[in-house]
Amino acid sequence: MSVLDEIVAGARADMRRRERETGLEVLIHRVRSMPPTRDAVAALLRPGVQVIAEVKRRSPSKGALADVPDPADLAAAYESGGAAAVSVLTEGRRFGGTQADLRAVRDRVGVPVLCKDFLVTPYQLWEARTCGADLALLIVAALSRGELVDLIGLAGRIGLTPLVEVHDRRELDLALSAGARVIGVNARDLRTLRIDRSVFERLAPHIPDDVVKVAESGVRGPDDVLGHAAHGADAVLVGEHLVTHGSPADAVASLLAARPAPLSVPRRVSR
Ligand SMILES: O=C(O)c1ccccc1NCC(=O)[C@H](O)[C@H](O)COP(=O)(O)O
């Protein structure tokens, strides 16, 4: 079993426990009375490379990263540094996150919020929506093609923007053919946990212009942002570098300060 398989199995078991406590119909009912989601595509397509800043306590590859007593405080610091969106790792077993983290962050910040979890069922997408997510992660390596198509469709119907994560050309082609409009290219191979930042530059030329391109993982400073910008990234998703920096607001600001001057041609991507 790969690391990804183990994490997904744990996420499914945790979901089944929550599902026994709160049925799907309860979640659907809650969503009906919720305000609309924030426009994540517009936020990520602001001129210049944007930063999606992650709330991340620990990880399978690095173990403990940071004590995050108040995820909303951290998210507010990210927002004040200029983050276009905040990612919240809600998986508990390996990342130390909770759905309460996501709710707290969504209540505090004005930017869109990503539910970063191992979402493989419709129930989890409804949950993400009830917790206040605007974006939801779908990892191609964890899904069959049919599941991916269904989850992208459901996400759209309930107002979530799916961030569809790929690591190689086969996964990218699958994501595009399934209708993904926001693609995250993960430098981390989720089976070996190895980081290869060059994956983005290899895959980016195969991503159409009307699809949002996010470079995920392994960004350790301004030079990596510059590198991804040169290959057409609309945004970078950064966790470890920001949570281990003494000043998260300054860390986001310095990534943004490194960006080249933005192109003046506006991009149009449907949500
Ligand atoms: O971070 C890990 O070790 C990891 C292992 C297995 C599955 C997912 C994992 N991370 C989730 C993420 O995608 C990252 O938290 C995110 O892209 C930020 O990465 P980084 O900036 O390298 O912390």
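The numbers attached to residues start from 1 for each chain and follow its sequence in the written order. Per-residue local features are limited, in this predicted model, to residues with pLDDT of at least 70; the limit for side-chain atom pairs, both in listing and counting, is 80 or more; totals at the level of whole chains, interfaces and linings are taken over all residues. Water and hydrogen atoms play no part in the side-chain values, which are based on all heavy atoms of the structure.

**Digging into the overall build of the protein chain**
So, step 1. Only runs of H or I of at least four residues qualify as helices and only runs of E of at least two qualify as strands under DSSP, and these elements are numbered from the N terminus. Helix and strand content of the protein chain: 12 helices and 10 strands.
So, step 2. The globule rule used for comparison is 2.2 Å times the number of residues to the exponent 0.38, while the radius of gyration itself is calculated over C-alpha atoms. In terms of overall size, the protein chain behaves like a compact globule, its C-alpha atoms giving a radius of gyration of 17 Å where 271 residues would be expected to give roughly 18 Å.
So, step 3. By its C-alpha atoms, the protein chain is 50 × 40 × 40 Å across when sized along the principal axes.
So, step 4. Each residue's exposure class comes from its accessible area (1.4 Å probe, protein chains only) as a fraction of the maximum for that residue type: buried when under 20%, exposed when over 50%, partly exposed otherwise. Here the protein chain, with 271 residues, has 56% of them falling under the buried criterion.
So, step 5. What makes two residues a contact is simply this: any of their non-hydrogen atoms within 4.5 Å. The long-range share in the protein chain, meaning contacts at least 24 apart out of those at least 6 apart in sequence, stands at 70%.
So, step 6. With 36 positive and 35 negative side-chain charges, the protein chain shows a separation of 2 Å between the mean positions of the two kinds. All tallies of charge rest on Lys and Arg as positive and Asp and Glu as negative; His and the ends of each chain are not included. Charged side chains are reduced to one point each, which is NZ for Lys, CZ for Arg, CG for Asp and CD for Glu.

**Concerning the pairing of strand β1 (residues 50–55)**
So, step 1. Taking burial as the measure, the six residues of β1 include six buried ones, the bulk of the element.
So, step 2. Only strands joined by at least two bridges in the DSSP assignment are considered to pair. As paired elements, β1 and strand β4 (residues 85–89) share four bridges and run parallel to each other. Among the inter-strand pairings, I52 is bridged to a residue of β4, identified as A85.

**Description of the sheet that holds strand β9 (residues 212–216)**
Backbone-to-backbone hydrogen bonds join strands into a sheet, with any given pair of strands oriented parallel or antiparallel.
So, step 1. The sheet built from eight strands closes into a barrel, its strands ordered β1-β4-β5-β6-β7-β8-β9-β10 with parallel pairing. For this sheet, the mean angle separating the axes of adjacent strands, direction not counted, is 25°.
So, step 2. Direction of pairing for β9 relative to strand β10 (residues 235–238): parallel, over a ladder of three bridges. Bridge pairing in β10 places A215 opposite V236.
So, step 3. Only the stretch in contact is used when a helix axis is fitted, and all axes are lines through C-alpha atoms; the angle between N-to-C directions ranges over 0 to 180 degrees. Most of the contacts of helix α7 (residues 145–157) go to strand β7 (residues 161–166), to which it runs at about 150°, and overall it touches β6 (135–139) and β7.

**Here we look at the state of the cysteines**
So, step 1. Two cysteine sulfur atoms form a disulfide, by the criterion used here, when they sit within 2.5 Å. Counted according to the given criterion, the structure contains zero disulfides.
So, step 2. The structure places no disulfide on C115, whose sulfur is separated from the nearest cysteine sulfur, that of C131, by 7.0 Å.
So, step 3. The exposure class of C115 is buried, given its relative accessible area of 4%.
So, step 4. Using a relative accessible area of 3% as the deciding quantity, one classes C131 as buried.

**Considering the packing of aromatic side chains**
So, step 1. Here the aromatic set is Phe, Tyr and Trp, taking the six-membered ring for Trp, and pairing holds for ring centres within 6.5 Å; pairs whose planes are under 30 degrees apart are stacked, those over 60 apart are edge-to-face, and all others are tilted. Enumeration over the complete set of coordinates arrives at one aromatic pair.
So, step 2. Ring geometry for F95 versus F118: centroids 5.8 Å apart, planes at 25°, classification stacked. Here the residue F95 occupies a position in the loop between β4 and α5 (99–108), and F118 occupies one in the loop between β5 (113–116) and α6 (122–130), the gap between them amounting to 23 residues. Each member of the pair, F95 as well as F118, carries the same accessibility label: buried.

**Considerations on the site of the ligand**
So, step 1. Each residue is tested against the molecule or strand, and it is near if at least one of its non-hydrogen atoms lies within 4 Å. Taken together, 21 residues are adjacent to the ligand, and E54, K56, S61, K116 and S217 come closest.
So, step 2. The definition of a polar contact used here is a pair of N or O atoms within 3.5 Å, where within protein one atom must be able to donate a hydrogen and the other to accept one, and adjacent residues in sequence count solely through side-chain atom pairs. For the ligand, an oxygen atom lies 2.6 Å from a polar atom in the side chain of S217.
So, step 3. E240 is positioned with one of its backbone polar atoms (N or O) 2.8 Å from an oxygen atom of the ligand.
So, step 4. In the complex, the protein chains occlude 99% of the 510 Å² of accessible area that the ligand would expose alone.
So, step 5. Partitioned by chemical class, the residues of the shell around the ligand number nine nonpolar, six polar and six charged. Using the Shrake-Rupley algorithm and a 1.4 Å probe, accessible areas are obtained, with residue cover drawn only from the displayed protein chains. All amino acids are sorted into three groups, where Ala, Val, Leu, Ile, Met, Phe, Trp, Tyr, Cys and Pro are nonpolar, Asp, Glu, Lys and Arg are charged, and the leftover types, Gly among them, are polar.

**Thoughts on the environment of A42**
So, step 1. Looking at where A42 falls in the secondary structure, it is placed in helix α3 (residues 40–44).
So, step 2. The exposure class assigned to A42 is partly exposed, which follows from its relative accessible area of 44%.
So, step 3. Linking A42 and V212, residues 170 residues apart in sequence, is a C-alpha distance of 9.9 Å.

**Thoughts on the UniProt feature "domain: Indole-3-glycerol phosphate synthase" (unreviewed entry) in the protein chain**
So, step 1. UniProt positions are given in the numbering used here, feature names are shortened, and annotations may be inferred rather than shown by experiment. When the UniProt feature table is mapped onto this chain numbering, "domain: Indole-3-glycerol phosphate synthase" (unreviewed entry) sits at residues 4–254.
So, step 2. End-to-end, the C-alpha atoms of residues 4–254 are 32 Å apart, and along that stretch the chain is 44% helix and 18% strand.

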